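Single-letter residue listing:
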Amino acid sequence: MTHANTSAARRRESILRAAVRQGLLGPDHAVLAAFVDLDGVAASVRALHTAFPDSVSVLHTFAAKANCLVPVLRELRALGMGCEAAGAGELAQALAAGFAPDHIVLDSPAKTRAELARALELGVAVNADSFQELDRIEGILTRRPSSSRIGVRLNPQVGGGDIAAMSTATATSKFGVALDDDGNRRRLLDAYRARPWLTWVHAHVGSQGCSLDLMAEGVARAVDFADEVGRTLGRPVTGIDIGGGLPVDFEGDDPPPGFDAYVRRLQDRVPRLFGGAYRIVTEFGRSLLAKNGFTAALVEYTKTSGGRRVAITHAGAQVAARTVFMPSAWPLRITAHGPDGGPRTGEPVPQDIAGPCCFAGDLLASARPLPPLAPGDIVALLDTGAYYSSTPFHYNSLPDPAVHGVRVGPGGEVVFEPLRRAETLDDVLARTGG
Ligand SMILES: *Cc1c(COP(=O)(O)O)cnc(C)c1O
C-alpha cells in the first residue's frame, strides 16, 4: 500500500494538520472526527456527469444511505444531483436538503402504506419492490392520481459479487421481483398491461464487490424486459433506473475504473440503453463519496498483549461497523500520524488498531504494519466518506463524532464547515430515554 507521497496523501495530511491547529481534533475536546472533502465530491460528481453521453436524458440521483447528512445532500443538490431515498427518514432528509420531489426516487423493500401515499402525493418517483406493493400503489392511485414516475424493481438474478451481503441480484435476493422465477415475466407483463401508470423499470445489482460486467448484465436484462413490454403491449416503457453500485478501490489512491469505464461497458453490452428510447436514472452512492472522506481518531493508550502491540484508539465499531464485523470484506487503509497531524515515521511493526468499544472484536485492523504508535498520536481511516461516520452504530452509547466539510483554497488554505456537530452527552441521554 503506497500512499505516503501521493497528492491525495498530501491533501489529507494538510487537512489533518489544519484540523489539529484549528482545534477540531485534540486530546482535550475532540478525540474523534470525520472529514468530507467537498472539492473532491464536486470532482466526483463532475466525472459522473461527463461520463454519460449528452444525447440521453439522465437524472443522476445520490443514494442517501451512503452519506445521509443533510448538508452533504444539499451540496450534491447544488451540484446538479437528485436523491435516492430508502424510507421515511432518508425521504425527510432529501426534502430538507431541498431536492424537488421529481428529483427524488424512493426505493425500499418495506414501504408502508403511509410512506407510499406520501411519496405519491408529493410526486416522488417510486420503484415498487413486489407485486404486493403494486397492489397497494394501485389502491392509493384509485383515490388520488399522482405525477410520480412509477416503476418495478426487477431482480435480474445475474448472481452475486465478492460480498454476499452486498449482492442484491442473487437467485434468492430479498430485493425486487425475481425476473426468472416461474411465471414472473408473465405476471410482470400483465401488471404493466393492467396499470398504465407503470412506466419505469428499475434494477440495482449490488453495492461494492460486483464487477462492471455483472452490473452491466443486470442492466441489460432490465432493458431487455423494458423492450419486451414495449413490443408486447405496444406501449413503451419511459425510462430505466440502472441503480448504483460502482465499486470503490479501498487499497490505494490510484483512480479505479470509474464512471467512464462503466459507461463504456454499458455501451458495449447494452447499447439500447443509450439509443434515445429510454430516459435514464442512476443511483450511485459509494463511488461519489467514499474516497472523499476520512475519519481521524486519537490514540489514547498503547500496550502489548501476548507479545502483540495494541493501540487503543477512539474509532471502532461505532464509526466502522462493517470493518469491525466483517474485517475481510471491508479492510480499510490506516495511516499513522503524530499529534500535530504530520506523518509518523519509524519502521513499521505489526499493531492491532483497536476501538473504544467493550467487546474483543472491536478492531479496525489486526497486526497491521504501521510506525509504532504512542498515546496522543492520530490514526486516520481512509476512504470512509460513505457508509462510515455518517451512519454511526450506537454501541456503548458513544457519542456521534462531528463531521466537517473541507475545501482547500488556491493558496492551500484549508477551510472547514460543519456538516454534523458532535453529539453531547445530553444528546446521548435524549436518544436513550434519559
Ligand atoms: C445502496 C443502493 C444504491 C447505492 O449503492 P452504491 O454501492 O453506494 O452505489 C443504489 N440503489 C439502491 C436501490 C440501493 O439499495
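Definitions and cut-offs
- Residues numbered from 1 in each chain as written.
- Predicted model: local features only at pLDDT ≥ 70, side-chain atom pairs only at ≥ 80, totals over all residues.
- Heavy atoms only, no water.
- Helix = DSSP H or I, 4+ residues; strand = E, 2+ residues; numbered from the N terminus.
- Rg over C-alpha atoms; globule rule 2.2 N^0.38 Å.
- Buried < 20%, exposed > 50% of the residue type's maximum accessible area, 1.4 Å probe, protein only.
- Contact = heavy atoms within 4.5 Å.
- Areas by Shrake-Rupley, 256 points an atom, 1.4 Å probe, with all protein chains shown as cover.
- Expected span 1.5 Å × (residues − 1).
- Arc of directions from axis to C-beta.
- Pairing = 2+ DSSP bridges.
- Axes fitted to C-alpha atoms, helices over the stretch in contact; angles between N-to-C directions.
- Parallel < 35°, antiparallel > 145°, perpendicular 65-115°, else oblique.
- Left-handed = near helix turned anticlockwise from the far one by under 90°.
- Nonpolar A, V, L, I, M, F, W, Y, C, P; charged D, E, K, R; others polar.
- Near = heavy atom within 4 Å.
- Polar contact = N/O pair within 3.5 Å; in protein donor to acceptor, adjacent residues only side chain to side chain.
- Domains from an automatic or database assignment.
- Buried area = accessible area lost by both parts, 1.4 Å probe.
- Salt bridge = Lys/Arg side-chain N within 4 Å of Asp/Glu carboxyl O.
- Phe/Tyr/Trp six-rings, centres within 6.5 Å; stacked < 30°, edge-to-face > 60°.
- Lys NZ or Arg CZ within 6 Å of the ring centre and 35° of its normal.

A short note on the overall build of the chain
For step 1, the next point in the chain: In terms of helices and strands, the chain carries 12 helices and 18 strands.
For step 2, the next point in the chain: A compact globule built from 434 residues would reach a C-alpha radius of gyration of about 22 Å, and the chain, at 23 Å, matches this within 12%.
For step 3, the next point in the chain: By the burial criterion, 54% of the 434 residues in the chain qualify as buried.
For step 4, the next point in the chain: Considering only residue pairs separated by 6 or more positions, the chain has 69% of its internal contacts joining residues 24 or more positions apart.
For step 5, the next point in the chain: Summed over all atoms, the accessible surface of the chain reaches about 18000 Å², with 52% contributed by carbon and sulfur.

Digging into helix H6 (residues 131-143)
At 3.6 residues per turn, the α-helix brings residues three or four places apart onto the same side.
For step 1, the next point in the chain: With 13 residues, H6 ought to run about 18 Å at 1.5 Å a step, and its terminal C-alpha atoms sit 19 Å apart, in line with that.
For step 2, the next point in the chain: Looking only at H6, the buried set comprises Phe131, Glu133, Leu134, Ile137, Ile140 and Leu141. Buried residues in H6, looked at end-on, bunch into an arc of 170°, giving them a common side. Away from its buried face, by an angle of more than 90 degrees, H6 presents the exposed residues Gln132, Thr142 and Arg143.
For step 3, the next point in the chain: Along its buried surface, H6 packs onto helix H5 (113-122), strand S5 (125-128), strand S6 (150-155), strand S7 (177-178), helix H7 (184-194) and strand S8 (198-202).

Details of the pairing of strand S16 (residues 378-381)
For step 1, the next point in the chain: Neither face of S16 is exposed, since Ile378 and Ala380 on one face and Val379 and Leu381 on the opposite face are all buried.
For step 2, the next point in the chain: Note: strand S11 (residues 293-305) against S16, 4 bridges, orientation antiparallel. The partner of Leu298 across the bridge, within S16, is Ile378.

A word on the packing of H5 against H6
For step 1, the next point in the chain: It is the contact of H5 with H6, at a shortest axis distance of 10 Å, that shows an interaxial angle of 55°. The angle between the axes of H5 and H6 places the two elements in the oblique class. The two elements H5 and H6 cross, and the hand of that crossing is right-handed. Mapping the contact onto sequence places Arg113, Leu116, Ala117 and Leu120 in H5 and Glu133, Arg136, Ile137, Ile140 and Leu141 in H6.
For step 2, the next point in the chain: Here the contact of H5 with H6 is composed, by residue class, of 6 nonpolar, no polar and 3 charged.

Describing the site of the ligand
For step 1, the next point in the chain: Lys65, Ser207, Glu283, Arg286 and Tyr387 are the nearest of the 14 residues found near the ligand.
For step 2, the next point in the chain: Lys65 is positioned with one of its side-chain polar atoms (N or O) 2.8 Å from an oxygen atom of the ligand.
For step 3, the next point in the chain: Here Gly285 contributes a backbone N or O atom positioned 2.9 Å from an oxygen atom of the ligand.
For step 4, the next point in the chain: Out of a free accessible area of 390 Å², the ligand has 94% covered by protein chains.

Observations concerning the pairing of strand S12 (residues 308-313)
For step 1, the next point in the chain: Both S11 and S12 contribute to a ladder of 6 bridges, which runs antiparallel. Paired with Tyr301 across the two strands is Ile312, which belongs to S12.
For step 2, the next point in the chain: In textbook terms, the turn of a hairpin is the stretch between consecutive antiparallel strands, and for S11 and S12 this stretch comprises 2 residues, one of which, Gly306, has a positive phi near 60°.
For step 3, the next point in the chain: Where S12 meets strand S14 (residues 349-354), 4 bridges bridge the pair, whose relative direction is parallel. Bridge pairing links Ile312 to Ala354 in S14.

Considering the domain arrangement of the chain
For step 1, the next point in the chain: Examined at the domain level, the chain breaks down into domain 1 (3-37 + 290-431) and domain 2 (107-284).
For step 2, the next point in the chain: A separation of 36 Å is found between the C-alpha centroids of domain 1 and domain 2.
For step 3, the next point in the chain: Across the contact, 16 residues belong to domain 1 and 11 residues belong to domain 2.
For step 4, the next point in the chain: Between domain 1 and domain 2, a total of about 1000 Å² is buried, with carbon and sulfur atoms accounting for 64% of that surface.
For step 5, the next point in the chain: In terms of surface lost to domain 2, no three residues of domain 1 exceed Lys291, Trp330 and Arg333, which account for 48% of the buried area on that side.
For step 6, the next point in the chain: If you look at where domain 1 meets domain 2, you find 2 salt bridges.
For step 7, the next point in the chain: Between Arg12 and Asp253 there is a salt bridge, and its shortest N-O distance comes to 2.9 Å.
For step 8, the next point in the chain: The leading source of residues in the side of domain 1 that touches domain 2 is helix H1 (residues 7-21), at 3 residues.
For step 9, the next point in the chain: In terms of residue class, the side of domain 1 that touches domain 2 is built from 9 nonpolar, 2 polar and 5 charged.

Here we look at the packing of aromatic side chains
For step 1, the next point in the chain: For the structure on display, the rule yields 11 aromatic pairs.
For step 2, the next point in the chain: With a centroid separation of 6.1 Å and 85° between ring planes, the pair formed by Tyr262 and Phe284 is classed as edge-to-face. Of this pair, Tyr262 sits in helix H9 (residues 259-269) while Phe284 is found in strand S10 (residues 279-284), placing the two residues 22 residues apart along the sequence. With respect to class, Tyr262 is no different from Phe284; both count as buried.
For step 3, the next point in the chain: The ring centre of Phe131 lies 3.9 Å from the NZ or CZ of Arg187, which sits over that ring.
For step 4, the next point in the chain: Sitting over the face of the ring of Trp330, Arg322 holds its NZ or CZ atom 5.4 Å from the ring centroid.

Some thoughts on the pattern of salt bridges
For step 1, the next point in the chain: A full pass over the atoms with the stated rule returns 28 salt bridges.
For step 2, the next point in the chain: Its salt-bridge partner being Arg333, residue Asp383 comes within 3.1 Å of it at the nearest N-O pair. Separated by 50 residues along the polypeptide, Asp383 in the loop between S16 and strand S17 (402-408) and Arg333 in the loop between helix H11 (321-325) and strand S13 (334-337) bring together distant segments of the chain. When sorted by exposure, Asp383 lands in the same class as Arg333, which is buried.
For step 3, the next point in the chain: Each of Asp180, Arg185, Glu217, Arg221, Glu228 and Arg269 takes part in a single network of salt bridges with overlapping partners.

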